[in-house]
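# Remarks on the overall topology
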Amino acid sequence: MLKNKTGNFVKSKSEKVGVSMTKSAKVVVVTSGKGGVGKTTTSASFATGLALRGFKTVVIDFDIGLRNLDLIMGCERRVVYDFVNVIAGEATLYQAMIKDKSCENLYILAASQTKDKDALTEEGVEKVINDLKKEFDYIVCDSPAGIEKGAFMALYFADEALVVTNPEVSSVRDSDRILGILSSKSYRAKNGDEKVKEHLIVTRYNPERVENGDMLSIDDIKDILRIPVLGVIPESTDVLQASNTGTPAVNLQGTNVSDAYLDLVARFLGEDKPMRFTNVEKKGLMQRLFGGK
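Description of the structure in this document. (Residues numbered from 1 in each chain as written. Predicted model: local features only at pLDDT ≥ 70, side-chain atom pairs only at ≥ 80, totals over all residues. Heavy atoms only, no water.)

### Topic: the environment of A260
To keep things clear, this is the line we draw: Elements are defined by DSSP. Helices are runs of H or I of four residues or more, strands are runs of E of two residues or more, and each kind is numbered from the N terminus. The rule is simple: take the accessible area with a 1.4 Å probe, protein chains only, and divide by the maximum for that residue type; under 20% is buried, over 50% is exposed, in between is partly exposed. Note on contacts: a residue pair qualifies if any of its non-hydrogen atoms lie within 4.5 Å across the two residues.
Within the fold, A260 resides in helix 13 (residues 256-268). Residue A260 is classed as buried on the basis of its relative accessible area, which comes to 3%. Along the primary structure A260 and A249 are separated by eleven residues, whereas in three dimensions their C-alpha atoms are 9.8 Å apart. Apart from residues lying up to four places away in sequence, A260 is in contact with V232, I233, P234 and F277.

### Here we look at the layout of surface pockets
Basically, it comes down to this: Detection works on a 1 Å grid of protein atoms alone, calling trapped sets that fit a 1.4 Å probe cavities and calling open sets with protein on both sides within 12 Å along at least five of seven lines pockets, with lining residues defined by an atom within 4 Å of a point. Grid points are joined across faces, edges and corners, and a volume is the space filled by probe spheres set on the points. Gly is put with the polar residues, along with every residue not named as nonpolar or charged; the nonpolar set is Ala, Val, Leu, Ile, Met, Phe, Trp, Tyr, Cys and Pro, and the charged set is Asp, Glu, Lys and Arg.
Its boundaries defined by the atoms lining it, the second largest pocket holds a volume of some 410 Å³. Along the wall of the second largest pocket there are 26 residues; nearest its centre are V37, G38, K39, T41 and R204. Among the elements of the structure, helix 2 (39-52), helix 3 (69-72), strand 9 (197-205), strand 10 (229-234) and helix 12 (238-244) are those that each provide at least two residues to the lining of the second largest pocket. For the lining of the second largest pocket, a count of residues per class yields ten nonpolar, ten polar and six charged.

### Details of empty space enclosed by the protein
For the structure on display, the rule yields one cavity of 30 Å³ or more. Of the voids in this model, the largest cavity is the one considered here, and its volume is about 30 Å³. For the largest cavity, the full set of lining residues is G231, V232, A260, D263, R267, M275, R276 and F277. Going through the elements one at a time, strand 10 and helix 13 are the ones with two or more residues in the lining of the largest cavity. Top contributing element to the lining of the largest cavity by residue count: helix 13, with three residues.

### Some thoughts on the pairing of strand 10
Just so we agree on the cut-off: Only strands joined by at least two bridges in the DSSP assignment are considered to pair.
Taking burial as the measure, the six residues of strand 10 include six buried ones, the bulk of the element. Across four bridges, strand 9 lies against strand 10 in parallel orientation. Opposite Y205, over in strand 10, you have P234 as the bridge partner.

### Describing the packing of aromatic side chains
Given two aromatic rings, one states the distance between the centres and the angle between the planes to describe the pair. Stated formally: A pair of Phe, Tyr and Trp rings is counted when the ring centres sit within 6.5 Å of each other, with Trp represented by its six-membered ring. The angle between the planes then sorts it: under 30 degrees is stacked, over 60 is edge-to-face, the rest tilted. To sit over a ring, a charge needs its Lys NZ or Arg CZ within 6 Å of the ring centre and within 35 degrees of the ring normal.
Tallied over the full model, the rule gives nine aromatic pairs. Here F62 and F83 contribute two aromatic rings whose centre-to-centre distance is 5.0 Å and whose plane-to-plane angle is 75 degrees, an arrangement assigned as edge-to-face. Taken as a pair, F62 in the loop between strand 4 (57-61) and helix 3 and F83 in helix 4 (residues 83-87) lie far apart in primary sequence, 21 residues in all. No difference in accessibility class separates F62 from F83, as the two residues are buried. Following the ring pairs from residue to residue traces out a cluster consisting of F46, F55, Y138 and F268. A cation over an aromatic ring shows up here: K56 above the ring of F136, its NZ or CZ 5.1 Å from the ring centre.

### Regarding the nonpolar core
Here is the rule: In plain words, nonpolar cores are sets of buried Ala, Val, Leu, Ile, Met, Phe, Trp, Tyr and Cys residues tied together by side-chain atoms within 4.5 Å.
Residues F62, F83, L109, V125, L132 and I139 are the most contacted members of the largest nonpolar core, which totals 50 residues. The greatest single-element share of this core, amounting to five residues, is contributed by helix 8 (residues 169-185). Discounting residues that sit within four places of it in the chain, L109 has contacts with V59, I60, D61, D82, F83, V86, L93, A96, M97 and V128. Grouped together as the second largest cluster of nonpolar side chains are 38 residues, F55, I98, I201 and V257 included.

### Section: helix 7 (residues 149-156)
Applicable threshold: Here a polar contact is taken to be a pair of N or O atoms separated by no more than 3.5 Å, where protein atoms must pair a possible hydrogen donor with a possible acceptor and residues adjacent in sequence count only if both atoms sit in side chains.
Of all eight residues making up helix 7, six are buried, and the element is well covered by its neighbours. Along helix 7, the residues classified as buried are G150, A151, M153, A154, L155 and Y156. At the N-terminal end of helix 7, a side-chain oxygen is found 2.8 Å from the backbone nitrogen of G150, two or three residues along, and the residue is E148.

### Brief notes about the pattern of salt bridges
Heads up, the condition is: Just to be clear on terms, a salt bridge is a Lys or Arg side-chain nitrogen sitting within 4 Å of an Asp or Glu carboxyl oxygen.
Taken as a whole and assessed by the stated rule, the structure comprises 13 salt bridges. For D174, the salt bridge is made with R173, and the minimal N-O distance between the two is 3.5 Å. Take D174: its relative accessible area is 21%, and that puts it in the partly exposed class. For R173, a relative accessible area of 55% gives the class exposed. Residue R209 pairs with E235 through a salt bridge whose shortest N-O separation is 3.1 Å. On the criterion of sequence distance, the pair formed by R209 in helix 10 (residues 207-211) and E235 in the loop between strand 10 and helix 12 is long-range, its members being 26 residues apart.

### Quick notes on the sheet that holds strand 10
Stated precisely, the cut-off is as follows: Simply put, an axis is a line fit to the C-alpha atoms, just over the touching stretch for a helix, and the angle between two N-to-C directions goes from 0 to 180 degrees.
Read from one edge to the other, the open sheet built from eight strands follows the order 5-6-4-7-3-8-9-10, with strand pairing classed as mixed. The outermost strands of the open sheet, each flanked by one partner alone, are strand 5 (98-99) and strand 10. Here strand 4 pairs with strand 6 (residues 106-109) via four bridges, running parallel. Bridging from a neighbouring strand, T57 pairs with L106 of strand 6. Where helix 8 meets the sheet, it contacts strand 3 (26-31), strand 8 (160-165) and strand 9, and its direction lies at approximately 165 degrees from that of strand 8. Relative to the sheet, helix 11 (residues 218-225) contacts strand 8, strand 9 and strand 10, its axis offset from that of strand 9 by approximately 150 degrees.

Structure representation (structure tokens):
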């Protein structure tokens, strides 16, 4: 965005071309009940995907005390001020936000490693989000796992929620608990507004293991949680590679993981995309004879 002569923000020509911008900012929480399901990986790739489509996007790390988002986004050495500094009035948003080096429309607000979850107050978080709404199209909140204060603050002001789960019983069960909190304790629920729109993302999905009975199927998960599936992210070592190199997985062009996240973003924006990576690929004759993959 640029400033005009009156000091107000206006969209640049590049932001207007090829995409219809949102009429008002949306707050999207990426959440789960269980840790280690790929929530931060999803937050980074989802936010990056939105930015690549021309939407000005900021992703906020709510995992106070741990702080992993900046590592996955490859900007850990550039963190000077963080989310808690802004809430405490020790820094402005413009001082704390980090602009992504490879994506013009993407910004990161890191968590604090030295504070605890009590540093997040409802009033402080609300003020930061309201200030961000004046400039951004999407505010993505990367939630810590579970139901403690950081996770509650991440989902409290959400308009939409991406509920991330692995295809295993414990992960799905914990996700069901998060859905209960979204429907009863969010700001929208508290004020009797339209409910938070829920989307399901299944990560680390392996159709062969599903076929062997080692994982829940997509249909099994849908039957339990009863919310629409926005995306299925295949099990892949590419995710680890992305994390280790500080690159959102969506940027690994030509990989199944990148394609899955790009599809997910397209569906979120209302496009009709077939669900890929959910069926076992049939091997050709040569692969069956010689054991090729």
